[in-house]
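# Observations on the three-dimensional arrangement
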Amino acid sequence: MNEDEERRALIHTFYQIYRPLQKSSGLRYHMHFDIYGNNLIEIWEYEGERKGRCICKVKEDTEIACYQRAIEMLESYSGKETVRHEKRAG
């Protein structure tokens, strides 16, 4: 797999994880990538228009590394959300 294919696969995976969480938890993201290595992904919880806590802040040298780390953090967050909802129900 070349770099472009890997990048596309990571972006696809990121959005597969992010979109359901966005709807259930009111998430919003901010991303910035440039050729100088100033790569950033931030994901915040929102309640209406009110900004809540930051659940992901990733700064890496490459866009691919940013997406990989953000995916790991979203997977961790989604596990915590599942536990939190199960405790409320039980």
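I will try to describe carefully the structure that is included in this document.

Criteria and thresholds
Residues numbered from 1 in each chain as written. Predicted model: local features only at pLDDT ≥ 70, side-chain atom pairs only at ≥ 80, totals over all residues. Heavy atoms only, no water. Helix = DSSP H or I, 4+ residues; strand = E, 2+ residues; numbered from the N terminus. Buried < 20%, exposed > 50% of the residue type's maximum accessible area, 1.4 Å probe, protein only. Areas by Shrake-Rupley, 256 points an atom, 1.4 Å probe, with all protein chains shown as cover. Phe/Tyr/Trp six-rings, centres within 6.5 Å; stacked < 30°, edge-to-face > 60°. Lys NZ or Arg CZ within 6 Å of the ring centre and 35° of its normal.

Let's shift gears to the overall build of the protein chain. From N to C terminus, the protein chain includes two helices and three strands. Counting from the amino terminus, the protein chain carries its helices and strands in the arrangement α-β-β-β-α. In the protein chain, which comprises 90 residues, the proportion classed as buried is 29%. Total accessible area on the protein chain stands at roughly 6,200 Å², and carbon and sulfur atoms take up 48% of it.

All right, on to the packing of aromatic side chains then. A complete count under the given rule lists eight aromatic pairs for this structure. Relative to Tyr29, the ring of Phe14 lies with its centre 6.4 Å away and its plane at 80°, an arrangement referred to as edge-to-face. One end of the pair, Phe14, is in helix α1 (residues 3-25); the other, Tyr29, is in strand β1 (residues 27-32), with 15 residues separating them in the sequence. Pairing Phe14 with Tyr67 gives two aromatic rings, centres 5.5 Å apart and planes at 75°, and the pair type is edge-to-face. Of this pair, Phe14 sits in helix α1 while Tyr67 sits in helix α2 (residues 63-89), placing them 53 residues apart in sequence. An aromatic cluster is built from Phe14, Tyr15, Tyr18, Tyr29, Phe33 and Tyr67, whose rings are joined through pairwise contacts. Above the face of the Trp44 ring, Lys51 is positioned so that its terminal group lies 4.3 Å from the ring centre.

Purely spatial values, then, with no claim about function.
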